[in-house]
Amino acid sequence: MAVEQTVRRLIRWLLTKQYIKPEQSEWCHYMLIQYIMSILSLFLLLPVSAVIVGVWGAVFYTATFRILRQRTGGYHARTPHGCLLVSLVLQVLFSLLAAATKDLYVLTTVILLSEVAIFLLGPANHPELHLSAKELKAVKPRMYVRQAIAFLAYVVALLTHQGMVASCIAMATFAVAILLAVAHVDDGEIHRFKKEHVNQK
């Protein structure tokens, strides 16, 4: 794949110039792939979602999803193309749910339950990140802050009568919670720090 080949060449160049250490190459490879695919996906996901929930709905769904997921982690497909496909399916599915869900009580229940699930299950590690127990523990407070920001944005959207934006924020939070739950039961995909933390005691 062109993206993979480009990233590998870049990693080799960084190693040659000693900008990164050999043990950092796998982490750097993962982060570069994620960054490139994230940019590419924006050009696909935003227009598709905007057709369903409008421009602002698409912007707030995407922003909420990405802001949360950067700190929660969760399920990742095995390949960059797989990640793009999963992102597209999720964006379409949850945009449709956001457009169809008008009941504020339902939306509030969805976002509250999703916030609780994220609080209990996050953050998740990913095999290519190799985060230590200490690093994962340090992510938790940042995750909580982003959860609070997402919920505050939801409340503000309700108070300003932006129902579609509120619905998109709630459904984006729901999508993040689902990806965390999927990763949590997928032993080959995620290594949580609880076992290591217990061994340290």
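Not measured: the values here are computed from a predicted model. (Residues numbered from 1 in each chain as written. Predicted model: local features only at pLDDT ≥ 70, side-chain atom pairs only at ≥ 80, totals over all residues. Heavy atoms only, no water.)

A. Quick peek at the overall build of the protein. Secondary structure summary: the protein contains 7 helices and 0 strands in total. Along the protein, helices (α) and strands (β) appear in the sequence α-α-α-α-α-α-α when read from the amino end. Across the 201 residues in the protein, those meeting the buried criterion constitute 40%. When the accessible area of the protein is evaluated, it comes to approximately 11,500 Å², of which 68% is carbon and sulfur surface. (Helix = DSSP H or I, 4+ residues; strand = E, 2+ residues; numbered from the N terminus. Buried < 20%, exposed > 50% of the residue type's maximum accessible area, 1.4 Å probe, protein only. Areas by Shrake-Rupley, 256 points an atom, 1.4 Å probe, with all protein chains shown as cover.)

B. How the structure looks around the packing of aromatic side chains. A full pass over the atoms with the stated rule returns 6 aromatic pairs. Arranged with centres 6.3 Å apart and planes meeting at 50°, the rings of W56 and F60 form a pair that is tilted. Of this pair, W56 and F60 both sit in helix α2 (residues 25–72), 4 residues apart, roughly one helical turn. Measuring from centroid to centroid gives 5.6 Å for F94 and F174, while their planes differ by 90°, and the two rings are edge-to-face. Pair noted here: F94 is in helix α3 (residues 80–100) and F174 is in helix α6 (residues 163–185), with a separation of 80 residues, a long-range link. Residue class for F94 comes out buried when judged on its relative accessible area of 3%. (Phe/Tyr/Trp six-rings, centres within 6.5 Å; stacked < 30°, edge-to-face > 60°.)

C. Local environment of the packing of helix α4 (residues 104–121) against α6. At their nearest, the axes of α4 and α6 sit 8 Å apart, and the two run at 35° to each other. Crossing hand, α4 versus α6: left-handed. Taken together, the residues of α6 that come into contact with α4 (itself represented by L107, V110, I111, S114, E115, A117, I118 and L121) are S167, I169, A170, M171, T173, F174, V176, A177, L180, A181 and H184. Of the residues contributing to the contact of α4 with α6, the split by class is 14 nonpolar, 4 polar and 1 charged. (Axes fitted to C-alpha atoms, helices over the stretch in contact; angles between N-to-C directions. Left-handed = near helix turned anticlockwise from the far one by under 90°. Contact = heavy atoms within 4.5 Å. Nonpolar A, V, L, I, M, F, W, Y, C, P; charged D, E, K, R; others polar.)

D. Spotlight on the nonpolar core. Membership of the largest hydrophobic core comes to 30 residues, with the highest contact counts inside it found for Y61, F65, F94, I118, Y154 and M171. Elements that contribute at least two residues to this core include exactly α2, α3, α4, α5 (133–159) and α6. Element by element, the count of residues in this core is highest for α6, at 12 residues. Membership of the second largest hydrophobic core comes to 7 residues, among which are L14, I20, I33 and M37. (Core = buried A, V, L, I, M, F, W, Y, C linked by side-chain atoms within 4.5 Å.)

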